[in-house]
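# Observations on the model geometry
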Amino acid sequence: MQRVECLIGWYNGFGPPRVEFMNSRFKYLVVTTSTCVMLLLVLGSVLGKSASSDRPYPQLAVYTEVLHRIKSEYVEEPDMKSVTLGALNGLLESVDPFASYLNADQYKEYLKNKDLKRGDVGLILSKKTGFVGVVDAQPNSPAAKAGLSTWDMIESIKGIATRDMPLAYASLLLQGEPGSTVELSVVRMRRGDSQTVKLTRAMLTLPPVDSKMLAGQVGYINIDALSPALVKEVAAAVQKLQRDGAQKLIVDVRYCAVGAPEDGVALAGLFLNKGMIGYVQGQTVRRQNFEADPSKVITTLPVAVLTNRGTASAAEVMAAALLDNHRAQVVGERTYGDAAVRKAITMDDGSAIILSVAKYYSPNGKAIQDTGVVPGTPVAEADVQLEYDDNGEPLPETVEQQQQQQNKKTEDDPVVKKALEVLGVKV
């Protein structure tokens, strides 16, 4: 039986191992089991803390004993550095799927490259059962053109297994000189099989806001990404649609995962003339409320917001604000769940953890990162199954079908049809 080679050697400085892959179902079982063990350890730690609150960190005694038992009684003596690394990454993932632990060398490389304009493949990542998962692929990016989408799982990058790989470091591995290539092994979670995908890095630009008039004088606005400039584009699009006679609006943020949460606050402010947009708060971050400003609102037309599993961050903040204030009807699928303030916290040895230090909350007090946004009118989207040639490359016609769906073609789109229905337009 094939096996997955661990990347212990890579993290200890012995160079990247190549990865061979075992049966996907068996591998998924192994990953899930190891994650459950980590969660049990964390649960035991929390229970130990609550039972002995007079001591600062009683859970360390549990962790130390587990390490001792592994070292003394496991079938063979393990590499304790690698065991500790796995525990650290498992601990971080159990509380924050967007967290990373970087050793000193990795953190230096992260600081060196994080602000550089480099070629990229357009993937937005989080952790899934110890591996790196896809939140979304930026529209028109190399990853999107290869058919990568939400819920796919990346097993390896450049032959290096992503099991216990820091999320921030995975993002660095995907970047490089424009025109250079990077090879990934990807598990399609809805199919259960692995595919090798080679992507060519490119300089990415955010797609513009698109708008048009639909039947029944309904203005349709498609938003694939958000930024301060794109929020202004949305405002201009809404104003133009109103001048053209729009009586109702559809705001489509399906597969919109690019943008900072504050961009979502600004976008929501275009539609809300009163009430709370949301708030941000953390253990060490004082609560900050975001209130609607009547001077910034540009429309009072009825609104439907379209979401799906690829809607994240800024778009979620906007959708949650309009939903909780009863300003819009939300149609589609539950969003991904990613809206937080993240901070790099350095350690004495030069390593660092990148951690969510505050979360964005909906007006009703729900942490968006924990719950996502649940539409009042749920509509499931059909998945386009990719087909592959003998070299593992996706067939162009099936990629085109998937891109057409992700580009939100409004003709015969069941989610758009349902939005028109809830807006009272006959279709």
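Running from N to C, helix 9 (residues 261–269) and helix 10 (residues 314–324) cross one another at 35°; their axes reach a closest spacing of 6 Å. Crossing of helix 9 against helix 10: the hand is right-handed. Contact residues: Pro-261, Asp-263, Gly-264, Val-265, Leu-267 and Ala-268 in helix 9; Ala-314, Val-317, Met-318, Ala-321 and Leu-322 in helix 10.

If you look at the biggest cluster of nonpolar residues, it comprises 84 residues, and the most contacted ones within it are Leu-123, Leu-184, Val-305 and Leu-322. With eight residues, helix 10 is the single largest residue contributor to this core. When neighbours within four sequence positions are excluded, Leu-184 is seen to be in contact with Leu-123, Leu-148, Ile-154, Ser-156, Ile-157, Leu-174, Gln-195, Thr-196, Val-197 and Leu-199. Residues Tyr-220, Ala-304, Leu-306 and Leu-420 belong to the second largest nonpolar core, which totals 14 residues.

Bringing helix 4 (residues 80–95) into the picture now. Look at helix 4: 23 Å from first C-alpha to last across 16 residues, which is about the 22 Å you get at 1.5 Å a residue. Those residues of helix 4 that fall on the buried side of the exposure criterion are Met-80, Ser-82, Leu-85, Gly-86, Ala-87, Asn-89, Gly-90, Leu-92 and Glu-93.

In terms of residue burial, strand 2 (residues 123–128) counts as a mostly covered element, since five of its six residues are buried. Hairpin remark: strand 2 followed by strand 3 (residues 131–137), antiparallel, with two residues in the connecting loop; positive phi at Thr-129, about 45°.

On to helix 7 (residues 167–174). In terms of residue burial, helix 7 counts as a mostly covered element, since seven of its eight residues are buried. All of the buried residues in helix 7 are Leu-167, Ala-168, Tyr-169, Ala-170, Leu-172, Leu-173 and Leu-174.

A separate point is the packing of helix 8 (residues 228–243) against helix 9. Interaxial distance between helix 8 and helix 9 falls to 9 Å at its minimum, and their mutual angle equals 20°. It follows from the interaxial angle that helix 8 and helix 9 lie roughly parallel. As for how helix 8 packs across helix 9, the hand of that crossing is right-handed. When helix 8 is examined against helix 9, the residues Pro-228, Val-231 and Val-234 are found in contact with a partner set consisting of Asp-263, Ala-266 and Leu-267. Tallied by class, residues from the contact of helix 8 with helix 9 come to five nonpolar, no polar and one charged.

Now for the packing of aromatic side chains. Under the defined criterion, the tally for this structure stands at four aromatic pairs. Geometrically, the ring pair formed by Tyr-107 and Tyr-110 is stacked, given 6.1 Å between the ring centres and 15° between the ring planes. Here Tyr-110 and Tyr-107 lie together in helix 5 (residues 104–113), a separation of three residues that amounts to about one turn. Both rings, one in Tyr-279 and one in Tyr-361, keep their centres 4.9 Å apart while their planes meet at 5°; by these two values the pair is stacked. On the criterion of sequence distance, the pair formed by Tyr-279 in strand 11 (residues 276–281) and Tyr-361 in strand 16 (residues 352–361) is long-range, its members being 82 residues apart. On the basis of relative accessibility, which here comes to 9%, the residue Tyr-279 falls in the buried class. The ring of Tyr-279 has Arg-287 sitting right over it, with the charged end atom 3.6 Å from the ring centre.

Proximity of charged atoms lets side chains of opposite charge pair with each other. With the rule as written, the count across this model stands at twelve salt bridges. Linking Arg-254 and Asp-252 is a salt bridge whose minimum nitrogen-to-oxygen distance equals 2.7 Å. On the basis of relative accessible area, Arg-254 is assigned to the buried category, the value being 2%. The exposure class assigned to Asp-252 is buried, which follows from its relative accessible area of 0%. The residue Arg-309 makes a salt bridge to Glu-333 at a minimum N-O spacing of 2.9 Å.

Thresholds applied
- Residues numbered from 1 in each chain as written.
- Predicted model: local features only at pLDDT ≥ 70, side-chain atom pairs only at ≥ 80, totals over all residues.
- Heavy atoms only, no water.
- Axes fitted to C-alpha atoms, helices over the stretch in contact; angles between N-to-C directions.
- Helix = DSSP H or I, 4+ residues; strand = E, 2+ residues; numbered from the N terminus.
- Left-handed = near helix turned anticlockwise from the far one by under 90°.
- Contact = heavy atoms within 4.5 Å.
- Core = buried A, V, L, I, M, F, W, Y, C linked by side-chain atoms within 4.5 Å.
- Buried < 20%, exposed > 50% of the residue type's maximum accessible area, 1.4 Å probe, protein only.
- Expected span 1.5 Å × (residues − 1).
- Pairing = 2+ DSSP bridges.
- Parallel < 35°, antiparallel > 145°, perpendicular 65-115°, else oblique.
- Nonpolar A, V, L, I, M, F, W, Y, C, P; charged D, E, K, R; others polar.
- Phe/Tyr/Trp six-rings, centres within 6.5 Å; stacked < 30°, edge-to-face > 60°.
- Lys NZ or Arg CZ within 6 Å of the ring centre and 35° of its normal.
- Salt bridge = Lys/Arg side-chain N within 4 Å of Asp/Glu carboxyl O.

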